[in-house]
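# Structural characterization, general
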Amino acid sequence: MDFTFSEEQQAAVEAAQAVFGPVAPDGVPSPSLTSGAVAEDFDRALWAKAADADLLSLLIGPEHGGAGLDAIALCLVLRESAKVLARIPLLEHSAAATVVQACGGDQLRQEILPRAARGELVLTVASAGHTGHDPAELAVTARKEAGAGPDTWVLDGVQTAVPWAFGTDLILVPAHTGEGEAVLAVLPGPSTDVPGLTFAEQISTTGERQAELRLDGVRVEGPHLIEDDTAWSRLHNLLATGTCALALGLGEGVLKMTSDYAGKREQFGHPIATFQAVAVQAADRYIDLRAMEATLWQAAWRISSNASGPLPVAGDVAVAKTWASDGVRRVVQTAQHLHGGFGADTDYPLHRYHAWAKHLELSLGPAAAHEEALGDLLAAHPLG
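Summary of the structure given here. (Residues numbered from 1 in each chain as written. Predicted model: local features only at pLDDT ≥ 70, side-chain atom pairs only at ≥ 80, totals over all residues. Heavy atoms only, no water.)

Okay, empty space enclosed by the protein next. Overall, the coordinates contain one cavity of 30 Å³ or more when judged by the stated rule. Its volume calculated, the largest cavity comes out at about 60 Å³. Looking at the largest cavity, the residues that line it are A39, E40, D41, F42, R87, W164, A165, F166, G167, E208 and R209. Considering only residue class, the lining of the largest cavity consists of five nonpolar, one polar and five charged. (1 Å grid on protein atoms, 1.4 Å probe; cavity = no way out; pocket = protein on both sides within 12 Å on 5 of 7 lines; lining within 4 Å. Points joined across faces, edges and corners; volume = space filled by probe spheres on them. Nonpolar A, V, L, I, M, F, W, Y, C, P; charged D, E, K, R; others polar.)

Attention now moves to the pairing of strand 7 (residues 209–221). A regular strand places its side chains on the two faces of the sheet in alternate fashion. Where strand 3 (residues 152–163) lies against strand 7, ten bridges are found, and the strand directions are antiparallel. Across the sheet, the residue bridging to T152 is E221, located in strand 7. In this structure, strand 6 (residues 197–203) lies alongside strand 7, joined through seven bridges in antiparallel fashion. Paired with E201 across the bridge in strand 7 is A211. Count of turn residues in the strand 6/strand 7 antiparallel hairpin: five residues, of which G207 carries a positive phi of about 90°. (Pairing = 2+ DSSP bridges. Helix = DSSP H or I, 4+ residues; strand = E, 2+ residues; numbered from the N terminus.)

Turning next to a negative patch on the surface. On the surface, a cluster of negative charge is contributed by D151, E179, E181, E221, E227 and D229. Checked against the element boundaries, E221 lands in strand 7. Judged by its relative accessible area of 43%, E221 is partly exposed. (Patch = residues over 30% accessible without salt bridge, like charges linked within 9 Å, V, L, I, M, F, W, Y side chains within 5 Å. Areas by Shrake-Rupley, 256 points an atom, 1.4 Å probe, with all protein chains shown as cover. Salt bridge = Lys/Arg side-chain N within 4 Å of Asp/Glu carboxyl O. Lys, Arg positive; Asp, Glu negative; His and termini not counted. Charge placed at Lys NZ, Arg CZ, Asp CG, Glu CD. Buried < 20%, exposed > 50% of the residue type's maximum accessible area, 1.4 Å probe, protein only.)

Under the counting rule described, the total for this entry stands at zero disulfides. C244 supplies the cysteine sulfur nearest to C75, a cysteine that is in no disulfide, at a spacing of 8.0 Å. Assessed through its relative accessible area of 2%, C244 is described here as buried. (Disulfide = S-S within 2.5 Å.)

Interaxial distance between helix 7 (residues 276–305) and helix 8 (residues 313–339) falls to 8 Å at its minimum, and their mutual angle equals 155°. With respect to their mutual orientation, helix 7 and helix 8 come out roughly antiparallel. The interaxial crossing formed by helix 7 with helix 8 has left-handed handedness. When its residues are assigned to classes, the contact of helix 7 with helix 8 shows 16 nonpolar, six polar and five charged. (Axes fitted to C-alpha atoms, helices over the stretch in contact; angles between N-to-C directions. Parallel < 35°, antiparallel > 145°, perpendicular 65-115°, else oblique. Left-handed = near helix turned anticlockwise from the far one by under 90°.)

Next up on the list: the environment of I88. In this fold, I88 is placed in the loop between helix 3 (71–82) and helix 4 (90–103). We classify I88 as buried; its relative accessible area is 6%. Taking the C-alpha atoms as reference points, I88 and A45, separated by 43 residues in sequence, lie 9.7 Å from one another. When sequence neighbours within four positions are dropped, the list of residues in contact with I88 reads F20, F42, D43, L46, W47, A50 and W164. (Contact = heavy atoms within 4.5 Å.)

Below, the discussion takes up the packing of aromatic side chains. Scanning all chains against the criterion turns up four aromatic pairs. A ring pair is formed by F166 and F199, whose centres lie 6.3 Å apart and whose planes are at 55°; its orientation type is tilted. In this pair, F166 is assigned in the loop between strand 3 and strand 4 (170–176) and F199 in strand 6, connecting sequence segments 33 residues apart. Every member of this aromatic cluster is reached through a ring pair, and the members are F42, W47 and W164. In this arrangement the basic side chain of R209 is found over the ring face of F166, its NZ or CZ atom lying 4.1 Å from the centre. The side chain of R290 reaches across the aromatic face of Y286, ending 4.9 Å from its centre. (Phe/Tyr/Trp six-rings, centres within 6.5 Å; stacked < 30°, edge-to-face > 60°. Lys NZ or Arg CZ within 6 Å of the ring centre and 35° of its normal.)

A word on the nonpolar core. Among the nonpolar cores identified, the biggest contains 93 residues, and F20, I112, L235 and L250 are the most heavily contacted of them. When residues in this core are grouped by element, the largest group, 17 residues, is from helix 6 (residues 231–264). With near-sequence residues (within four places) excluded, F20 lies in contact with L46, L55, V77, E80, S81, V84, A86, I88 and L90. Residues A185, L187, V220 and L225 belong to the second largest nonpolar core, which totals 22 residues. (Core = buried A, V, L, I, M, F, W, Y, C linked by side-chain atoms within 4.5 Å.)

What follows deals with unusual backbone geometry. Its identity is not glycine, yet N306 carries a phi of approximately 60°, on the positive side. Here N306 is to be found in the loop between helix 7 and helix 8.

Assignment of secondary structure puts P312 in the loop between helix 7 and helix 8. Spatially, the C-alpha atom of P312 lies 34 Å from that of Q202, the residues being 110 residues apart in sequence. Discounting residues that sit within four places of it in the chain, P312 has contacts with R302, L377 and H381.

What follows concerns the packing of helix 6 against helix 7. Between helix 6 and helix 7, the least distance of the axes is 10 Å, while the angle of their chain directions is 155°. Between helix 6 and helix 7, the interaxial angle falls into the category roughly antiparallel. Both helix 6 and helix 7 take part in a crossing whose hand is left-handed. Residues N237, L238, T241, C244, A245, A247, L248, G251, E252, L255 and A262 of helix 6 lie in contact with helix 7, whose contacting residues are V278, A282, R285, Y286, L289, R290, M292, E293, L296, A299, A300 and I303.

Turning our attention to the pattern of salt bridges. Scanning all chains against the criterion turns up 22 salt bridges. Between E293 and R79 there is a salt bridge whose closest N-O contact spans 3.2 Å. Of this pair, E293 sits in helix 7 while R79 sits in helix 3, and the two are 214 residues apart along the sequence. Taking relative accessible area as the criterion, E293 reaches 19% and is therefore assigned buried. As a salt-bridge pair, E120 and R118 come within 2.9 Å of each other at their nearest N and O atoms. Residue classification places E120 among the partly exposed positions, given a relative accessible area of 42%. Residue R118 is classed as partly exposed on the basis of its relative accessible area of 47%. Here the residues in one salt-bridge network are R79, E80, K83, E252, R290 and E293, joined through shared partners.

See the structure below:
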């Protein structure tokens, strides 16, 4: 078996390193010192650089101006972005475009994909549901209303914590039909006035602006509603796997920061890195990162290859997200401990990584939620 990345995937990593390498993690006010949002918008300058490097079109097909790569390439790029806490909706944008390409109609693909590939349209996804703990597809209902036209759908409900919503142009909103089917509605962002659609500001753990979407009789025309019954599961799996890639990159950045500090900080005339208690804790976190990496690539490979397995792809995603949620929390907690009081200094970037780690740990469900999902899958697909 060949476990090396392809030349195209490695080229994507090199492009990502060139774009994200110069980024300063403390480029906006600290969330610990700001009562509101740390910034009104995401990093537009960085977004433009990512577009110029073709990082926004990795998964979009060549016929729409993209590279036609796979989920593994996206995760490699996301890992690099998280090392510097890049403030752009790269995951949500890429995942939304992928599902539009795979499941949307011709009109929707032509309307969205070429401009999304160039970064002219910014996409995001409402994936947290009503409370952040319930399935997102159950938070909004979709129905065909008598007299509204055969291709007109009416949406009602609430989606909370929509990432980057105030800076995006289109939002993919999952909804259920009441018949056990999930659909995806493509709705405009807050810059467009849509009857029945309202946005309320929410602030995430990272200090970024999010939005609560309230839908009260919002009408969606047929071309802007994706009825493919695999669309939401495909989108959810990619979002969860991408979140694991972000957690891995963040954890690797934090462990390097901790290693550099422990190699310079001296006590009793010796670097603290030479103390057994410090070395053992750092080694444990290294093991966490390697487990996070192995389970991430397994999930990304299943998504990319459509390979069969003893469980559906959601099982591999659940394993990866369980490791990512628990692992990234342990990495930042150990880093704070080994840095001592210096780690809590708001002039030092570690506290920002801690806030982002907590956000990633809980995004799309904490470890316990994915352990429960894995248990359900094992019950439905007994092994052996």
